[in-house]
Amino acid sequence: MRDVLSSCELFAGLSESAIDRLMPAASERAAAVGEYLFRRGDKRSALFLVVRGQIEVVGETANGSERLAVLGPGDTVAEGALLHASQHTVSARALTSSRMVQIDRELARAALAEDGAIAMQVIERVALVMNRRLQYASSSSLGREKAYGSGATRREHDLLGEREVPSDALFGIQTLRAVENFPISGVHLYHFPTLVRALAMVKQAAARANASLDLLPGPLADAIDRACQEIMDGNWHGHFVVDMVQGGAGTSTNMNANEVIANRALELLGHARGDYERCHPNNHVNLSQSTNDAYPTALRVAAILSLRGLLNALEKLRAALASKGAEFSSVLKMGRTQLQDAVPMTLGQEFNAFAVTTGEDIARLRETARLLLEINLGGTAIGTGINADPRYPQLVAEQLRHISGLDVTLAENLVEATPDTGAFVMFSGVLKRTAIKLSKMCNDLRLLGSGPRCGLAEINLPARQPGSSIMPGKVNPVIPEVVNQVAYQIIGNDLTISLAAEAGQLQLNVMEPVLAFNLFQSLDMLSAAVSTLTTRCIEGITANPERCRSMVEHSIGIVTAVVPALGYERASEVARQALETGRPVRDIILDKGYLSAAELDVLLSPEAMTQPRPMART
């Protein structure tokens, strides 16, 4: 156990006496598949050093659990337990059968309290490791400047000359130039973890295809493969620091991936970062590829994988709306067209209609996403396949199918497919359609919940926050409002995507970066908005049945229900008198003797007014 502690990153370099101090707090711990080491909200009571197996670190988002990282032998989990006993903000569970060394927080702190110098050594190591985690974490909340925490550098060169690159960065000189050239949106690759994972999938597929063709030596291909897998597992995302909006048709993104993978592969081979003679970003990681086939393929894979979160959110919304439809099935209310009284319906019918239209959006998104399965990988620069083995395209497509779990297919004509962004236009259009329909639904919710005294007030939206800094007691429909705003953003994003697709010239579309930026922003924002609408609004809606029925009874709209019995002319006369006098339609018909009370009970029953029924011949 002493050797295990001394060799891990967290305690490497500590004196023997420091290790001796920690030994009494250390014990062996086994974990079965799926077993939690700790859950979000648990008090920090121990840190864990992985000896064998894999530990999955999981965060919670609006759409449920999200894998943040997969840690393996030599990695530590919950280092912060040595610093404070606050609650865990993430969960950790065994992905495989695992063995660990567990260090108890209280025992370790008691031992360290006896020697201040040794305590400082340990705290310094914990702080260093945690700082590195923060610099390069898989989190969209970290700024680009976090990647420059160390003052140490290494010298790299490219076509334009030499530059100093941060020594603790996995990226290299071309990424550094891109960071300097494109301080545009402030949104970087690591803000979209699914895109980073998709880039690694493409690179892993290429390495495996090249290895099978004997174009990459086995050990080198294995190192590249392992580096890609680590990125797919959620590690090293913080090194993907290039701005999403960039010139060069995505070359900066492709080189960022190539450099990170090359430098991590070098480490796995036992070499220093930047030792590109042994593993080169272009010659080895980018072998048989061009930005022009690797980048758009990664965008397609990432879009399909990102869609899963949105579909999951929409399914939950559909279910919540259907549940409200059943709950409100007996609540009679007035239907409206052009904001005027129309004919009666039930509140349940209204919410069921919302559920059905949401289901239609789910179906259209799934259908359109299939267009993204066609890839141009293997076409290299313009689709002719220059610098790639003739067997490579089919091999790399097969590998990507296996790695991604997606039924990707090679385009029939790679020259045509390389500049073609039509699938993105179609997919964005369906996202826009979904956003528009969602916004219309939110408009309806705001109208139905307007009031509370001087509006429709047919439903009550959950009160989420005080609504005014000057008007006491005011509560606004903030959740539908934010969803409306997300919809407007997505509509604008779709226009940008359309213009970017139109701007393609000859054998390449260089505007794909801004297309990607807007597409992934739309996917993420819409997914978050749908989840927020479901959990913060729809699930908490209640009805005001008495208010709904009162408006039906006092509306002239119900006169439509008696047209089959009275005829259009008499019914129009009744409607006019009701409007002029304010008297209920029922009372006017009874006074005129047109129908009996029993006949009106049948004609004006909720069942008769809210669904089809047999009609007598006139």
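Calculation notes
Residues numbered from 1 in each chain as written. Predicted model: local features only at pLDDT ≥ 70, side-chain atom pairs only at ≥ 80, totals over all residues. Heavy atoms only, no water. Phe/Tyr/Trp six-rings, centres within 6.5 Å; stacked < 30°, edge-to-face > 60°. Helix = DSSP H or I, 4+ residues; strand = E, 2+ residues; numbered from the N terminus. Buried < 20%, exposed > 50% of the residue type's maximum accessible area, 1.4 Å probe, protein only. Polar contact = N/O pair within 3.5 Å; in protein donor to acceptor, adjacent residues only side chain to side chain. Contact = heavy atoms within 4.5 Å. Pairing = 2+ DSSP bridges. Disulfide = S-S within 2.5 Å. Core = buried A, V, L, I, M, F, W, Y, C linked by side-chain atoms within 4.5 Å.

Caption draft 1: Looking closely at the packing of aromatic side chains. Enumeration over the complete set of coordinates arrives at four aromatic pairs. Between F351 and F354, the ring centres sit 5.5 Å apart and the planes meet at 80 degrees, which makes this aromatic pair edge-to-face. With a gap of three residues between them, F351 and F354 both fall in helix 11 (residues 347-369), about one helical turn apart. An identical accessibility class is assigned to F351 and F354; each is buried.

Caption draft 2: Focus on unusual backbone geometry. In this chain, G451 is followed by P452 through a cis amide linkage whose omega measures 10 degrees. Residue placement: P452 occurs in the loop between helix 14 (422-448) and strand 15 (459-460). With a phi close to 65 degrees, L339 is a non-glycine residue in the positive phi region. Within the secondary structure, L339 sits in the loop between strand 11 (332-337) and strand 12 (340-346).

Caption draft 3: The arrangement of the side chain of T368 in detail. Along the chain, T368 turns up in helix 11. Among the polar contacts listed, one links the side chain of T368 to the backbone oxygen of R364, at a separation of 2.8 Å. Once you skip the residues sitting within four places of it in the chain, T368 turns out to touch M426, F427 and V430.

Caption draft 4: Representation of the pairing of strand 9 (residues 153-158) within the structure. Residue alternation in strand 9 divides its side chains into a buried set, R154, E156 and D158, and an unburied set, T153, R155 and H157. As paired elements, strand 9 and strand 10 (residues 161-166) share six bridges and run antiparallel to each other. From the neighbouring strand, E156 faces strand 10, where its bridge partner is R163. In textbook terms, the turn of a hairpin is the stretch between consecutive antiparallel strands, and for strand 9 and strand 10 this stretch comprises two residues.

Caption draft 5: Local environment of the sheet that holds strand 3 (residues 46-52). Here four strands make up an open sheet; going across it, the order is 1-8-3-6 and the pairing antiparallel. Two strands lie at the open edges of the sheet, namely strand 1 (26-31) and strand 6 (76-77), each paired on one side alone. Here strand 3 runs beside strand 8 (residues 98-104); their pairing, made up of six bridges, is antiparallel. Each bridged residue has a counterpart across the sheet, and for F48 the counterpart in strand 8 is Q102.

Caption draft 6: Here's a closer look at the state of the cysteines. Under the definition given, this model contains zero disulfides. For the unlinked cysteine C279, the closest cysteine sulfur is that of C228, found at 9.7 Å. Assessed through its relative accessible area of 0%, C279 is described here as buried. C537 provides the cysteine sulfur closest to C442, a residue in no disulfide bond, and the two sulfurs are 7.0 Å apart. Judged by relative accessible area, which is 0%, C442 ranks as buried.

Caption draft 7: The arrangement of the side chain of Q289 in detail. With respect to the helices and strands, Q289 occurs in the loop between helix 9 (281-285) and helix 10 (291-327). Here the side chain of Q289 touches V285 through a polar contact of 2.8 Å, landing on its backbone oxygen. Look past the residues within four positions of Q289 in its chain and what remains in contact with it is K203, A206, A294, T380 and Y392.

Caption draft 8: Structural view of the nonpolar core. Counting 123 residues, the largest nonpolar core has I224, F427, F520 and L533 as its most contacted members. In this structure I224 touches A207, L216, I261, A265, C279, H284 and V285, once residues within four positions along its chain are discounted. In this structure, L10, L112, V126 and V129 belong to the second largest nonpolar core, which totals 22 residues.

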